[in-house]
Amino acid sequence: MELLHKLFFAFLSGFSEFVMVSGDAHQALYMRVTGIDKPDDLVVMAIHLGLLGALWLSCKKRVRELMYAHKLASSTRRRKTRTPDPSAIMDARIINTASIPAVIGLLLKNLLPADIANPGWISLFLLINCIVLYIPRLFGTGNKDSLSYTMLDGFLMGLLAVAGILPGISRLACLFCVGLLRGAERKYSLELSLLIMFPITIGLGAMDGYSVLLSGVALTGYGFLGCILGFLGSFAGAFLAMRLIRHFSDRINTASFACYSGGFAIFQFLVYILIP
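Since the model is a prediction, treat every value here as computed from it, not as a measurement. (Residues numbered from 1 in each chain as written. Predicted model: local features only at pLDDT ≥ 70, side-chain atom pairs only at ≥ 80, totals over all residues. Heavy atoms only, no water.)

A.B. asks: A description of empty space enclosed by the protein should follow, citing residues and the corresponding values.
C.D. replies: To find the voids left in a structure, one rolls a probe of water-molecule size over its atoms. Counted under the stated rule, the structure contains two cavities of 30 Å³ or more. Forming the boundary of the largest cavity are Ser16, Glu17, Val21, Ser22, Gly23, Asp24, Gly164, Ile169, Ser170 and Arg171. Listing elements by their share of the lining of the largest cavity, those giving two or more residues are α1 (3–17) and α2 (23–34). Classifying every residue of the lining of the largest cavity gives two nonpolar, five polar and three charged. (1 Å grid on protein atoms, 1.4 Å probe; cavity = no way out; pocket = protein on both sides within 12 Å on 5 of 7 lines; lining within 4 Å. Points joined across faces, edges and corners; volume = space filled by probe spheres on them. Helix = DSSP H or I, 4+ residues; strand = E, 2+ residues; numbered from the N terminus. Nonpolar A, V, L, I, M, F, W, Y, C, P; charged D, E, K, R; others polar.)

Here's what the structure looks like:
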């Protein structure tokens, strides 16, 4: 893959990962249209590290609040100088609970058949993603925040996020929509979903690292440059997507994303027919 292709591939991967329409589906379409091969394991790992860096930069304030609250809660009574923020404590518990099924579910990806990345299957999963995104529109919006949200709600968010291992289904869409269906306020559901993406992305990076060790890929100067471009492209795309989706968080209409996912499914299938 040429360096320019790697850069654009990484940017597309990062951006599409956080717009609630599968990043894997966008990658598959780009590779099919351009005729390029999927980048090696090192570049894929760099892309996931770029996602992680963008998540940190976008959510660092809340992550620090969660870490500080945990530190206060775990200190002894004599050493406590301040009362930990109860909303931060509850958010941390919800994130930990959601992470269990979400991260363990990543291991199921290796059990999927090789032809699951066939454009026909991807089109089907994009249609399922469309349905997932449209369902919240059929129900009223809730007003739950971190003090009224429960660990069961978090577990259900993480459980449905496992579907993100299927190419065409967005993890963020699953997290966000389950949050809405469980009564969370829109902005809170989005922030919680992004925080849950942290452990999921770390898990993806760890799996990439394991694949690199197994494959024994040697890092050359050219390969190192490709990894740098993969990191930067993914970082830029993911950060831009999160800025946009946060900006419109109060007005997010999942039906719009559903229409895009459905239209993308049709387009993906047409490309599959026209470009054998």
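A.B. asks: How would you sum up the pattern of salt bridges? Please name residues and give values.
C.D. replies: In the structure shown here, the tally under the stated rule is six salt bridges. Asp91 is paired through a salt bridge with Arg62; the nearest N and O atoms lie 2.6 Å apart. Here Arg62 lies in helix α3 (residues 41–74) and Asp91 lies in helix α4 (residues 86–106), a separation of 29 residues in the sequence. The salt bridge involving Arg182 is made with Asp153; its shortest N-O contact spans 2.5 Å. With Arg182 in the loop between α7 (171–181) and α8 (186–215) and Asp153 in helix α6 (residues 151–161), this residue pair connects regions lying 29 residues apart in the sequence. Classification of Arg182 by relative accessible area gives partly exposed; the value is 31%. A residue is classified by how much of its surface remains accessible, and Asp153, at 0% relative accessible area, is buried. Among the charged side chains, a network of salt bridges with common partners joins Arg62, Glu65 and Asp91. (Salt bridge = Lys/Arg side-chain N within 4 Å of Asp/Glu carboxyl O. Buried < 20%, exposed > 50% of the residue type's maximum accessible area, 1.4 Å probe, protein only.)

A.B. asks: Describe the environment of Gly205, with residues and values.
C.D. replies: By secondary structure assignment, the location of Gly205 is in helix α8. In this structure Gly205 comes out as buried when scored by relative accessible area, which is 17%. Spatially, the C-alpha atoms of Gly205 and Leu52 are 8.7 Å apart, while their sequence positions differ by 153 residues. Non-local contacts of Gly205, meaning those with residues more than four positions away in its chain, are made with Met45 and His48. (Contact = heavy atoms within 4.5 Å.)

A.B. asks: Describe the nonpolar core, listing the residues and the values that go with them.
C.D. replies: Generally speaking, a soluble globular protein has its nonpolar side chains buried in company with each other. Phe18, Met20, Leu192, Leu194, Ile196 and Ile200 are the most contacted members of the largest nonpolar core, which has 54 residues in total. If you list the elements that add at least two residues to this core, you get α3, α4, α5 (119–134), α6, α7, α8 and α9 (221–247). (Core = buried A, V, L, I, M, F, W, Y, C linked by side-chain atoms within 4.5 Å.)

A.B. asks: Lay out a nonpolar patch on the surface in plain terms, naming residues and giving numbers.
C.D. replies: Taken together, the side chains of Leu49, Phe224, Leu225, Ile228, Phe231 and Leu232 define a hydrophobic patch exposed on the protein surface, amounting to about 510 Å² of accessible area. Broken down by element, the nonpolar patch gets its largest block of residues, five residues, from α9. Secondary-structure assignment places Leu49 in helix α3. Relative accessible area serves as the criterion here: at 40%, Leu49 is assigned to the partly exposed category. (Patch = residues over 30% accessible without salt bridge, like charges linked within 9 Å, V, L, I, M, F, W, Y side chains within 5 Å. Areas by Shrake-Rupley, 256 points an atom, 1.4 Å probe, with all protein chains shown as cover.)

A.B. asks: Could you give an account of the packing of aromatic side chains, naming the residues involved and the relevant values?
C.D. replies: Tallied over the full model, the rule gives eight aromatic pairs. Ring geometry for Phe8 against Tyr30: centres 5.2 Å apart, planes inclined by 45 degrees, an arrangement best described as tilted. With Phe8 in helix α1 and Tyr30 in helix α2, this residue pair connects regions lying 22 residues apart in the sequence. Judged by its relative accessible area of 41%, Phe8 falls in the partly exposed class. Classification of Tyr30 as buried rests on a relative accessible area of 13%. An angle of 20 degrees between the planes, with centres 6.1 Å apart, marks the rings of Phe231 and Phe235 as stacked. (Phe/Tyr/Trp six-rings, centres within 6.5 Å; stacked < 30°, edge-to-face > 60°.)

A.B. asks: Describe the layout of surface pockets, listing the residues and the values that go with them.
C.D. replies: One number sums up the size of the largest pocket: a volume of about 870 Å³. Contributing to the lining of the largest pocket are 32 residues, with Asp24, Lys38, Val44, Lys109 and Asp208 lying nearest its centre. Put simply, the parts of the chain that give the lining of the largest pocket at least two residues each are α1, α2, α3 and α8. Of the residues contributing to the lining of the largest pocket, the split by class is 19 nonpolar, six polar and seven charged. Approximately 400 Å³ is the volume found for the second largest pocket. Forming the walls of the second largest pocket are 15 residues, and the residues nearest its centre are Leu66, Met67, Ala92, Ile95 and Asn96.

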